[in-house]
Structures are given as C-alpha cells and as structure tokens.
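Okay, here's what each chain looks like letter by letter:
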Protein chains: 2
Amino acid sequence: MATGFGFELKATDGKARTGVISTPRGDIRTPAFMPVGTAATVKAMLPESVRETGADILLGNTYHLMLRPTAERIDRLGGLHKFMNWERPILTDSGGFQVMSLAGLRKLTEKGVTFKSHVDGSKHEITPERSMEIQRLLGSDIVMCFDECTPFPATEEQALESMRLSMRWAQRSRDAFGDRPGHALFGIQQGSTFRDQREESAEALQKIGFDGYAVGGLAVGEGQEMMFDVLDYAPDMLPVDKPRYLMGVGKPDDIVGAVKRGIDMMDCVLPSRSGRTGQVFTRRGVLNIKNARHQDDPRPLDEDCTCPACRNYSRAYLHHTFRAKEIIQSMLLTWHNLHYYQDLMQGMCDAIAAGTFAEWEADFHAKRAEGDIEPL
Amino acid sequence: MATGFGFELKATDGKARTGVISTPRGDIRTPAFMPVGTAATVKAMLPESVRETGADILLGNTYHLMLRPTAERIDRLGGLHKFMNWERPILTDSGGFQVMSLAGLRKLTEKGVTFKSHVDGSKHEITPERSMEIQRLLGSDIVMCFDECTPFPATEEQALESMRLSMRWAQRSRDAFGDRPGHALFGIQQGSTFRDQREESAEALQKIGFDGYAVGGLAVGEGQEMMFDVLDYAPDMLPVDKPRYLMGVGKPDDIVGAVKRGIDMMDCVLPSRSGRTGQVFTRRGVLNIKNARHQDDPRPLDEDCTCPACRNYSRAYLHHTFRAKEIIQSMLLTWHNLHYYQDLMQGMCDAIAAGTFAEWEADFHAKRAEGDIEPL
C-alpha cells in the first residue's frame, strides 16, 4: 500500500466511525464530506473560503478536466493543486461515472470506453490505464479505480457482468497505478443491490489490495430506503482498517444514515448546486430563498450558523439578490450550504468520539421535523 | 451645509488635488474611485473584499433600488448599509440618469419624470422631492440632486433649457433635503459643452449652496477629447473648498486626465463589468483573458499587483475558468480590476502629495505604451 498515506480509526459508536486519514498534503478528519470542484473550482467559492467552511479535501472530476483544460495542460502548469490554489488533499474520480452518463454518445468494450466530448464533440477514450495516467497528471492524492457504475435498475445477470468487468478493470487500474508514495488508490465495490455480488466484489478488491474502498453503484436512482438496505451490509464486507467512501451522496439525512452504517467519506454537488438555485440547508429544514415570504424577513438563514451569509445578511437580502440574479447570492448560499455540511460532519465526529451518536441523530431529526421545510 | 461632513484639501499639484472627505461613517481619501453597487451589491464581490481593494465609499443606484427591493423595504430593514453589509460611506445617484436612458418609456415634465419599471412594467414617478425621499430612506451619506443629464449632442438652445430645468430642480432638491446632520447633498453642474452655460450653472448652484459639486452631462458619448476640453475649465468654476465629482468616469486614462484637471471623485461600472466579460486592466495595458494565447501562460495578470487573482492564479487558470463560464472568473477578475483602480487612485494621491504628479503621469502612460494591449 502507499507509503505516506494512512488511516487511523479513533473511535466507533455502533457502526459509526471517526478517524483521520493522513496524507503528505494534510490530514482528513472522518467522517468527511468532500465539496466537488468539477472544473478546478468549487463553483462560486474561492478555495480559501472552502477551507474556512472546514473542508479538509476536495473532489475533482477527471472527465471534465481531461476535456478542458486537459490533464496534460494542468501537468505542465504544475498540477491541479497549484492550478486551482488548493494545497490540501484532492480526490479525483476515475471519469467513469460521467462517461457512462453520456447515453448514446459512448461505447463500452473490455478495453474501456470511447466517447464524444460535450465541450467540442471531439473523440476520446478512457481505459483503466488512461484514467490512472490522467489522475497522475492532475496530481491527485486519492485516485479512484476506473470502473463501470452499474446502472439501476439492473437484472442480476447484468449486474454480475458489470461488476466482474469492474473487477478486471480494478486489477488493471492497480497495475497501471504502480507505486506512488504519498498517493493512494481506492477500489470500488459494485454488485448493485445483490448481496452475494457485493460480497464477491469486496473479496476481489481485497485480493488486489487498495488503500481505501468505495461503495459504488449507489445514489443512482434506487432511493434512500434501498440505498440504506445495501449500506446495512456492504460496508461490513470492507476492511475495518481502511477508509470507506460512498460516492455521490447526498442529502443531509442520506449522509447521516450512511455514517451511521459505517461510511467514512462522501461527496456531492448538492450543497454547491443548491446554493446557486436558492435551496438552503439549515438545522431546521430546507428553505427556498426565492419564496416571497422571505422578502421582508430580517432573520439570518439559520440562527445557529456562523457562516458569513448568516452572520452578515438577512433572508430579505438573500431573497433580493436571488431575484435580481446577483452573483453574490450564489456566493453566499453556496458558502452557507458548504458550511452547514461541514458543521454536520463535525457534529458527527464529536458525537461518535463521545459515544453519543444515537442522541445526536435523534436531535438532528427532531430539529428538522419542527422546522420550516419548504417545497421547491 | 451639513454638520459632521467635511472636506479638507491636503495638497495640490498643478490643478490636481488630494484631500479627505470626512463623514460619520468614515473618511474618504481623494481622489477617490467609487465602485458601483447597483442593486445593493458590487457584482461578484463580497463587501469586505471591496474594502480590501482600498475602496472608502460605494455608489448605489436609486433607480434600481427603488424598483427592487424598493426604498421603503430597505428602510424597514435598517437602511442600505446594513442591508448590503457595508458600514462605510455610500453615495447614491438621484435616479435621473437611468430614468432618462429609458428612451420611449419615460415622460419628462417640469414636475419630474414618469416611467415604466424595467423589472415588472409598473408605473413610477421621480421628482426632486421623491428622489430626496428615496435617498433618505436608503440612508445615503452623499445624496445627489435630481437633475436632467443633458443628452449629447444637444443644440445650444436644448442644452440651455435642460440646464435651467436642472437648476430649478437643484433648488427643489435642496429645499426637500432639508437639514440632515452627517448627510451631504451635492449639486450637479450641467451646460453640455457650452462654457457660458457651465458658468451660469456653477453660479446658480453656488447661490443655492451644496456640500459638494458634480460635473454632470459628461461621459455620455462626447469622447475623451471633448470631455477633457470641458474639464479644462468646468471644475475651475466650482468652489475650491468642496469636493468635485465627475459622474460615470471611466477608463484608467480618463480618470488620470480628470484628476489632472481638478476632479476629486469618480465612479464607473467599467472595472466590475469588465471583470465579468474578461477584460483586465493592468499597469501595462488591457488583457482579454478569453484569448487563446493565455491558455498555457503561468504568469499572473500583472506582476506588480498584490490582489488575490494575481497572487494565487495564473493567466492560464483565469483563461480556463472564463472559457468554462465559472463564477470564480467573475469574482477574481472583478477583484483584480477594482484593486487596480484603487492602486491607481492611491498612486495619484501619493504623487500629488509629493508634488510629482507630472512624473507619475508620464510613467503611467509610458508603462501602458510598452505593454500588451489586446483588442477585445
């Protein structure tokens, strides 16, 4: 496994875990939420502001960056950290998920995937080997295996075929990654909603050996209940002493439910994307800032939040700037949402360390139930 | 005149002046450039970042704010300063200029102007009295008289009629403003490009008596040469011991030429608007960040600039984020442009105080001439 990269479990409470991932670029407290910086920027945020929210690590998207400005250009300019002014750890996805989403525009073979760029229509190919190369050029600290994210729903046969392809690609990813001190490679468990396939996948990955393990193929339309059903057993199949990453999750209650089931890392565009569309996450539910009821409201979004949007601005101001389509609205609501997500993670870290996760979770749900959740 | 509001001239060099305007909300070093915060935000900037660029005062637009969120709402919420989180001085225009620009949608009479809102088509009226009321509700520190900005070109007769209407409105503005300690009222000289009319207007305003005087009716299409011709004499007609404000100016060389001719205050959307369209002002000319020649350039926009865009990012990054239509590009380029403008003002303050304005100006022009000015 990678030297200079480690994971220390500090405490558990039920299945919930808290710990620290150590990397040469800094520590990552877990459970960790990773803001998404798709095109070398967390949209509407300066990186120093992302750090102020409490984020220890960002996620970058291989698919977007390979097309524009290209991995080779980022490498020439000194790597993604320097390019985007974020010196702390970066995890990159493999490009697989976004490429698979290009229905009709991509072709899958044993070798890899060919597709057309959404930017300029040019033809590209990603294989496990090419994905490892791109992520190396970007300078990623945590590299993800190239896999096929099994679509949902899938028949048992489709899921099995897809999972076994991903396991062959996992081996090729491992071989291509080689030995890169200070850089970690994570495997990705597949198997859809089929327990025996999840088991087979977990065993195959551990036979290859990775620095961390992701639970893949979830948050793809199966719904929270079915996702939690899989999370009731899938993380337990993965090594206790390695970080477990649930990709693309999620809403606050998804995140809490995942941590409760033993997940250590998550990422999602939801807090940043919602910030640009006026959806605000608070301790007491979800606000839609565009609603007219906010136009004369002098209160902050969330009385208990210490982010700049809540410290310095009224709901009335945020409503006004949303209606006037002012950029500051995206800046402030994104900041708030990311701050809320990091507060959520810190709350769970503390509760797990104190052995009070059940009480913390009950309080989390109670506050939301009494709050002012607005339909969008 | 207003108590709690003052202007102290510290030094002159030729006609160029440096001094300090004092207000209860803080001092304004002159010559001063006022960033424009049209709809209660300097677009793409947090107010604390605007302050970091060196701005002592912002400009707010009465026309936009009266329509959305309305002056009455801002008053209920505690005033514009609190609403937009800017505790330092704010100057508001009278609404006249924007209303006059609504060709075909507005009607001018002796009483004032009626017009339809660009937001929702509703009917509105601004008179000198209503303009004073709106600016009072906003809590503006420096209030501008309601005037007609004489269109360019105008015949001598048209200009005279327009100027005399503005002078009658100046008296009505003065009467309606009343006595508001700590708040200043500025008169606006009109008279187009006719020297005798500028003289008549300056005398009429001084008879009424104001805390400061604007040179109006310029930067409306007459070009730099004709603007400088008027500025060669118009500021001299105004009191030496009051601030002189040139509205809506301008490009860096417009600003330097205006200060050279005795102007103390200016405002313009150019640095912020240009930031959103990729136009970058530097000591060595103007860059257009969207040009492909920047895509591999590791250099900052301006080697001598200390703004965050120049300290932390390459031209290549700013080019990439512009092409990818990322909000951070607007944030960083606006910050840079406003920082550049404030550096420009500080450079002139220092040079005037040192009696070296002529050398400073020669250096300003020489650096630009040797630079890489790009056509847009």
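Fair warning: this is a prediction, and the values are worked out from it, not measured in the lab.

**Section: the overall build of chain A**
Next up, step 1: Counting its regular elements, chain A contains 15 helices and 16 strands.
Next up, step 2: In terms of overall dimensions, chain A has a C-alpha envelope of 60 × 45 × 40 Å along the principal axes.
Next up, step 3: Looking at chain A as a whole, 62% of its 376 residues qualify as buried.
Next up, step 4: In chain A, the share of contacts with a sequence separation of at least 24, taken over all contacts with a separation of at least 6, comes to 68%.
Next up, step 5: Of the side chains in chain A, 45 bear a positive and 52 a negative charge, and the two mean positions are spaced by 5 Å.

**Points about the nonpolar core**
Taken as a class, soluble globular proteins show a tendency for nonpolar side chains to be buried jointly.
Next up, step 1: Counting residues in hydrophobic clusters, the biggest one holds 196 residues, and the most contacted among them are Met266 of chain A together with Met266 of chain B.
Next up, step 2: Those residues within four positions of Met266 of chain B in sequence are excluded, and the remaining contacts are Ala32, Phe33, Met34, Tyr245, Leu246, Val249, Ile255, Ala258, Val259 and Met345 of chain B.

**Some thoughts on the domain arrangement of chain A**
Residues and elements named next belong to chain A.
Next up, step 1: By domain assignment, chain A separates into domain 1 (6–267) and domain 2 (275–370).
Next up, step 2: Taken together, the 30 residues of domain 1 in the interface contact 28 residues of domain 2.
Next up, step 3: Each partner contributes to the roughly 2300 Å² buried at the junction of domain 1 and domain 2, and carbon and sulfur atoms together form 72% of this total.
Next up, step 4: Ranking the residues of domain 1 by area buried against domain 2 places Thr53, Pro252 and Val256 at the top, with a combined share of 25%.

**Digging into the interface of chain A and chain B**
Next up, step 1: The interface of chain A with chain B comprises 39 residues on the first partner and 39 residues on the second.
Next up, step 2: In total, chain A and chain B occlude about 3200 Å² of area from one another, counting both sides; carbon and sulfur atoms represent 59% of this.
Next up, step 3: Here chain A is connected to chain B by 6 salt bridges.
Next up, step 4: The salt bridge involving Glu326 of chain A is made with Lys43 of chain B; its shortest N-O contact spans 2.6 Å.
Next up, step 5: Linking chain A with chain B are 16 residue pairs in polar contact (both at pLDDT 80 or more).
Next up, step 6: Counting residues per element, the ones that place at least two in the side of chain A that touches chain B are helix H1 (47–52), helix H3 (71–76), helix H4 (80–84), helix H13 (315–323) and helix H14 (327–354) of chain A.
Next up, step 7: Considering each element in turn, the side of chain A that touches chain B owes the most residues, 6 residues, to H14 of chain A.

**What about helix H6 (residues 128–138) of chain A?**
Think of an α-helix as 3.6 residues a turn; residues three or four steps apart then line up on the same face.
Next up, step 1: For H6 of chain A, every residue scored as buried is listed here: Pro128, Ser131, Met132, Ile134, Gln135, Leu137 and Leu138 of chain A.
Next up, step 2: Immediately beyond the C-terminal end of H6 of chain A, within one or two residues, lies Gly139 of chain A, with a positive phi of roughly 85°.

**What to know about the side chain of Arg283 of chain B**
Residues and elements named next belong to chain B.
Next up, step 1: Looking at the secondary structure, you find Arg283 in the loop between strand S15 (279–282) and strand S16 (285–288).
Next up, step 2: A distance of 3.0 Å separates polar atoms of two side chains, one belonging to Arg283 and the other to Asp302.
Next up, step 3: Among the polar contacts made by the side chain of Arg283, one reaches the side chain of Asp343 at a distance of 2.8 Å.
Next up, step 4: Among residues more than four places away in sequence, those in contact with Arg283 are Asp302, Asp304, Cys305, Tyr340, Asp343, Lys367 and Arg368.

**Quick notes on the UniProt feature "binding site: Zn(2+)" (unreviewed entry) in chain A**
Residues and elements named next belong to chain A.
Next up, step 1: The positions UniProt marks with the feature "binding site: Zn(2+)" (unreviewed entry) are Cys305, Cys307, Cys310 and His336. These annotated residues cover 32 residues of sequence, and their C-alpha atoms lie no more than 8.2 Å from one another, placing them together at a single site.
Next up, step 2: Judged by its relative accessible area of 0%, Cys307 falls in the buried class.
Next up, step 3: Note on placement: Cys310 falls in helix H12 (residues 308–312).
Next up, step 4: Discounting residues that sit within four places of it in the chain, Cys310 has contacts with Pro300, Leu301, Asp302, Cys305 and His336.

**Remarks on the pairing of strand S15 (residues 279–282) of chain A**
Residues and elements named next belong to chain A.
Next up, step 1: Here S15 shows two buried faces, one formed by Gln279 and Phe281 and the other by Val280 and Thr282.
Next up, step 2: Note: S15 against strand S16 (residues 285–288), 4 bridges, orientation antiparallel. Looking across to S16, one finds that Phe281 is bridged to Val286.
Next up, step 3: Hairpin remark: S15 followed by S16, antiparallel, with 2 residues in the connecting loop.

**Considerations on the pairing of strand S11 (residues 184–189) of chain A**
When a strand is regular, its side chains alternate between the sheet's two faces.
All names here are of chain A.
Next up, step 1: Where burial is concerned, most of S11 is hidden: 6 out of the 6 residues are buried.
Next up, step 2: Because side chains alternate across S11, one face comprises the buried residues Ala184, Phe186 and Ile188, and the other comprises Leu185, Gly187 and Gln189, equally buried.
Next up, step 3: Strand direction decides the pairing type here: strand S10 (residues 142–144) and S11, joined by 3 bridges, are parallel. Across the sheet, Val143 pairs through a bridge with Leu185, a residue of S11.

Cut-offs applied
Residues numbered from 1 in each chain as written. Chains lettered and ligands numbered in written order. Predicted model: local features only at pLDDT ≥ 70, side-chain atom pairs only at ≥ 80, totals over all residues. Heavy atoms only, no water. Helix = DSSP H or I, 4+ residues; strand = E, 2+ residues; numbered from the N terminus. Buried < 20%, exposed > 50% of the residue type's maximum accessible area, 1.4 Å probe, protein only. Contact = heavy atoms within 4.5 Å. Lys, Arg positive; Asp, Glu negative; His and termini not counted. Charge placed at Lys NZ, Arg CZ, Asp CG, Glu CD. Core = buried A, V, L, I, M, F, W, Y, C linked by side-chain atoms within 4.5 Å. Domains from an automatic or database assignment. Buried area = accessible area lost by both parts, 1.4 Å probe. Salt bridge = Lys/Arg side-chain N within 4 Å of Asp/Glu carboxyl O. Polar contact = N/O pair within 3.5 Å; in protein donor to acceptor, adjacent residues only side chain to side chain. UniProt positions renumbered as here; feature names shortened; annotations may be inferred. Pairing = 2+ DSSP bridges.

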